[in-house]
Amino acid sequence: VCGTGHSLTLVEALFTATSAVCVTGLAVLDTGKDFTFVGKSVLLLLIQLGGLGIMVLSSGILLLLGGRLGLREKSVLKATVPGLQFSGAGSLLKGTMIFTFAVEALGAVLLFLCWLPRMSWQDAAGSAVFHSISAFCNAGFSLNSDSLMGDVDSPGVNLVVMALIVVGGFFIRR
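Asks: Quick one: what's the story with the overall build of the chain, residue by residue and with numbers?
Replies: The number of helices and strands found in the chain is 8 helices and 0 strands. When the helices and strands of the chain are placed in sequence order, the string is α-α-α-α-α-α-α-α. A buried classification covers 36% of the 174 residues belonging to the chain. Counted over contacts in the chain with a minimum sequence separation of 6, partners at least 24 positions apart contribute 66%. Summed over its atoms, the accessible surface of the chain is roughly 9,500 Å², and 69% of this surface lies on carbon and sulfur atoms.

And the structure:
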């Protein structure tokens, strides 16, 4: 998963994975430079899992694919999501998944438009998706060595990232 010839040690891999799932933003390597596309994708998946909660995400995917929750899944969900009513668990989870992905997609489109003038469309798209999900999940990870310091004078980037952080913070943390 490292693209610089550096192989992650087990401790470095576990630390980075834990940091992604716990959305702390701590990294032992430069995410943008030292990870391959696959490594960044795995990191992004772990951030998404940590932001939404593994049980909420897996139950939502099951429901979106037409499956049903059993008694065991419902009891775990009730313990995971305070105030969850069983009668509306399916619609609540579907709504959670749709809202999350819609907000992250909107954030990615807006960031893409902000970055397109100074990046190739592939770099702008990849960076926009990564930063949108990271911001919504309040993860703190960035593909840039200096985080978002290069965008300190970009009102568009700052407003989009701030909005994603606030909306994600209210929505995910209830």
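Additional details are given in the paragraphs that follow.
Asks: Break down the packing of helix 3 (residues 37-52) against helix 7 (residues 121-136) for me, with residues and values.
Replies: At a minimum axis separation of 9 Å, helix 3 and helix 7 run at an interaxial angle of 25°. Judged by the angle between their axes, helix 3 and helix 7 are roughly parallel. Seen along the crossing, helix 3 lies across helix 7 with a hand that is left-handed. Residues Lys 40, Leu 43, Leu 44, Ile 47 and Gln 48 of helix 3 form the contact with helix 7, whose own contacting residues are Val 129, Phe 130, Ile 133 and Ser 134. Of the residues belonging to the contact of helix 3 with helix 7, the class tally is 6 nonpolar, 2 polar and 1 charged.

Asks: I'd love a proper account of the nonpolar core, names of residues and values included.
Replies: Grouped burial of nonpolar side chains is what soluble globular proteins tend to show. Counting 23 residues, the largest nonpolar core has Ile 47, Leu 111, Phe 130, Phe 141 and Leu 164 as its most contacted members. Of all the secondary structure elements, the ones that give two or more residues to this core are helix 3, helix 6 (89-115), helix 7 and helix 8 (155-173). If one sorts the elements of this core by residue count, helix 7 sits on top with 6 residues. Other than its neighbours up to four places away in sequence, Leu 164 contacts Val 103, Gly 107, Leu 111, Ser 132, Ala 135 and Phe 136.

Asks: For the packing of helix 1 (residues 10-21) against helix 3, give the residues involved together with the corresponding values.
Replies: Where helix 1 contacts helix 3, the axes come no closer than 7 Å and their chain directions differ by 40°. It follows from the interaxial angle that helix 1 and helix 3 lie oblique. Where helix 1 abuts helix 3, its residues Thr 16, Ala 17, Ala 20 and Val 21 lie against Leu 43, Leu 46, Ile 47 and Gly 50. When grouped by side-chain class, the residues that make up the contact of helix 1 with helix 3 number 6 nonpolar, 2 polar and no charged.

Asks: How would you sum up a nonpolar patch on the surface? Please name residues and give values.
Replies: On the surface, a nonpolar cluster with roughly 360 Å² of combined accessible area is contributed by Leu 106, Val 109, Leu 110 and Leu 113. Along the chain, Val 109 turns up in helix 6.

Asks: A description of the pattern of salt bridges should follow, citing residues and the corresponding values.
Replies: As enumerated under the stated definition, the model contains 1 salt bridge in all. Arg 118 is paired through a salt bridge with Asp 151; the nearest N and O atoms lie 1.9 Å apart. With Arg 118 in the loop between helix 6 and helix 7 and Asp 151 in the loop between helix 7 and helix 8, this pair connects stretches of sequence that are 33 residues apart.

Asks: Now, about the environment of Ala 17: what can you tell me, with residues and values included?
Replies: On the secondary structure map, Ala 17 appears in helix 1. For the pair formed by Ala 17 and Val 42, sequence separation is 25 residues and the distance between their alpha carbons is 8.8 Å.

Asks: Got a sec to walk through unusual backbone geometry? Specific residues and values, please.
Replies: Residues apart from glycine generally show negative phi values, whereas peptide bonds are mostly found in trans. A positive phi angle is found at Asn 138, which is not glycine, with a value near 55°. Accessibility expressed as a relative area gives 28% for Asn 138, which makes it partly exposed. One non-glycine residue, Ser 147, lies in the positive phi region at around 60°. Along the polypeptide, Ser 147 turns up in the loop between helix 7 and helix 8. Judged by its relative accessible area of 37%, Ser 147 falls in the partly exposed class.

Rules used throughout
- Residues numbered from 1 in each chain as written.
- Predicted model: local features only at pLDDT ≥ 70, side-chain atom pairs only at ≥ 80, totals over all residues.
- Heavy atoms only, no water.
- Helix = DSSP H or I, 4+ residues; strand = E, 2+ residues; numbered from the N terminus.
- Buried < 20%, exposed > 50% of the residue type's maximum accessible area, 1.4 Å probe, protein only.
- Contact = heavy atoms within 4.5 Å.
- Areas by Shrake-Rupley, 256 points an atom, 1.4 Å probe, with all protein chains shown as cover.
- Axes fitted to C-alpha atoms, helices over the stretch in contact; angles between N-to-C directions.
- Parallel < 35°, antiparallel > 145°, perpendicular 65-115°, else oblique.
- Left-handed = near helix turned anticlockwise from the far one by under 90°.
- Nonpolar A, V, L, I, M, F, W, Y, C, P; charged D, E, K, R; others polar.
- Core = buried A, V, L, I, M, F, W, Y, C linked by side-chain atoms within 4.5 Å.
- Patch = residues over 30% accessible without salt bridge, like charges linked within 9 Å, V, L, I, M, F, W, Y side chains within 5 Å.
- Salt bridge = Lys/Arg side-chain N within 4 Å of Asp/Glu carboxyl O.

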